[in-house]
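Working through the structure, step by step
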Amino acid sequence: MSTGSPAPFEACEQVTGRGSSQALVRYKTNDYSVPVSYGHREVRIRGSVDRVAIGCGADVIARHQRSYEREYVQVLRLLETFELSDLHVALKSALRMGAVSLDAIYHLVLCQVDRRPPKLDLDVYPYLPRADVGMTRASSYMCFLAEGAA
């Protein structure tokens, strides 16, 4: 039984990665810098909505504000050219296929506008990022309620 107050829940994703030869660590669609001495080393990445923290061993070696400047903004800018309804259909298709890159979404919205079937096979284009978006179940959070009551 714990005598101290429970630790606050931090909503973040924790994954492992590896520093590149340019001392960069990729998280989602962006590269974040780390000290040069961590190039080619395995690191742990904690990504939240507004920040990315990169650690190695017990040390936090880099902290960055989370960037959405690459593909996220470019997908939003598709609204400058396409109707919201067409982009919406393309985004739903991209999520269903697990192809959430700008290139895939652009292809899908063009196919939607032209009323033609997409020619997007992720087995042919393995470099496109895939997404697996699962359905959240309320029961997944029950363990946090139990910890708070202890």
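Each chain has its residues counted from 1, running along the sequence as written. Restriction of local features to residues with pLDDT of at least 70 applies here, the model being predicted, together with a cutoff of 80 or more for giving and counting side-chain atom pairs; totals for whole chains, interfaces and linings are based on all residues. For side-chain calculations, the full set of non-hydrogen atoms in the structure is used, while hydrogens and water are omitted.

Helical segments are the DSSP runs of H or I of at least four residues, strand segments are the runs of E of at least two, and each set is numbered from the N terminus. In terms of helices and strands, the chain carries 4 helices and 6 strands. Beginning at the N terminus, the succession of helices and strands in the chain can be written as β-β-β-β-β-β-α-α-α-α. Whether a residue is buried, partly exposed or exposed follows from its accessible area with a 1.4 Å probe, protein chains only, as a fraction of its type maximum: under 20%, in between, or over 50%, in that order. The buried share of the chain, reckoned over its 150 residues, is 29%. What makes two residues a contact is simply this: any of their non-hydrogen atoms within 4.5 Å. Taking the intrachain contacts of the chain between residues at least 6 apart in sequence as the baseline, contacts between residues at least 24 apart amount to 39%. Total accessible area on the chain is roughly 10,800 Å²; 55% of this is exposed by carbon and sulfur atoms. Accessible surface area values rest on a Shrake-Rupley calculation with a 1.4 Å probe, where residue burial reflects the displayed protein chains alone.

With that settled, consider the side chain of Asn 30. Inspection of the secondary structure assignment puts Asn 30 in strand β3 (residues 30-33). Residue classification places Asn 30 among the buried positions, given a relative accessible area of 4%. What Asn 30 contacts, discounting residues up to four positions off in sequence, is Val 25, Ser 67, Tyr 68 and Arg 70.

What follows concerns the packing of aromatic side chains. Any Phe, Tyr or Trp ring, taking Trp's six-membered ring, that has another such ring centre within 6.5 Å forms a pair; planes under 30 degrees apart are called stacked, those over 60 apart edge-to-face, and the others tilted. Applying the stated rule across the entire model yields 1 aromatic pair. On the basis of an interplanar angle of 70 degrees and a centroid distance of 6.1 Å, the ring pair of Phe 82 and Tyr 106 is categorised as edge-to-face. Of this pair, Phe 82 sits in the loop between α1 (71-77) and α2 (84-97) while Tyr 106 is found in helix α3 (residues 102-114), placing the two residues 24 residues apart along the sequence.

Mapped onto the elements of the fold, Ser 48 is located in the loop between β4 (42-47) and β5 (51-56). Look past the residues within four positions of Ser 48 in its chain and what remains in contact with it is Ala 11, Cys 12, Arg 66 and Tyr 68.

Further remarks concern the packing of α2 against α3. As a rule, the C-alpha atoms of each element are fitted with a line to give its axis, helices using only the stretch in contact, and angles between N-to-C directions run from 0 to 180 degrees. The geometry of α2 relative to α3 is characterised by a closest axis approach of 8 Å and an angle of 130 degrees between their N-to-C directions. Put simply, α2 runs oblique to α3. For the pair α2 and α3, the sense of crossing is right-handed. For the pair formed by α2 and α3, the contact residues are Asp 86, Leu 87, Val 89, Ala 90, Leu 91, Ser 93, Ala 94 and Met 97 on the first element and Ile 105, Leu 108, Val 109, Gln 112 and Val 113 on the second. Note on angle classes: values under 35 degrees are labelled roughly parallel, values over 145 roughly antiparallel, values of 65 to 115 roughly perpendicular, and the remainder oblique. Throughout, a crossing is termed right-handed when the near helix is turned clockwise from the far one, and left-handed when it is turned anticlockwise from it by less than a right angle.

Take the sheet that holds β5 next. Here a strand pair is declared whenever DSSP counts at least two bridges between the two strands. The strand order across the open sheet built from 4 strands is β1-β4-β5-β6, with neighbouring strands paired in antiparallel fashion. Strands with a single pairing partner mark the edges of an open sheet, and in this sheet they are β1 (13-18) and β6 (59-65). Averaged over all pairs of adjacent strands, the angle between strand axes in this sheet comes to 25 degrees, irrespective of strand direction. Across 4 bridges, β4 lies against β5 in antiparallel orientation. Each residue of the ladder has a partner; that of Gly 47, found in β5, is Val 52.

Let us now look at the pattern of salt bridges. One speaks of a salt bridge when a side-chain nitrogen belonging to Lys or Arg is within 4 Å of a carboxyl oxygen belonging to Asp or Glu. Per the counting criterion, the structure on display carries 7 salt bridges. The residue Lys 28 makes a salt bridge to Glu 13 at a minimum N-O spacing of 3.1 Å. With a gap of 15 residues between them, Lys 28 in the loop between β2 (24-27) and β3 and Glu 13 in strand β1 connect regions that are remote in the sequence. Judged by its relative accessible area of 32%, Glu 13 is partly exposed. In this structure, the salt-bridge partner of Glu 80 is Arg 77, at a minimum N-O distance of 3.1 Å. We classify Glu 80 as exposed; its relative accessible area is 58%.

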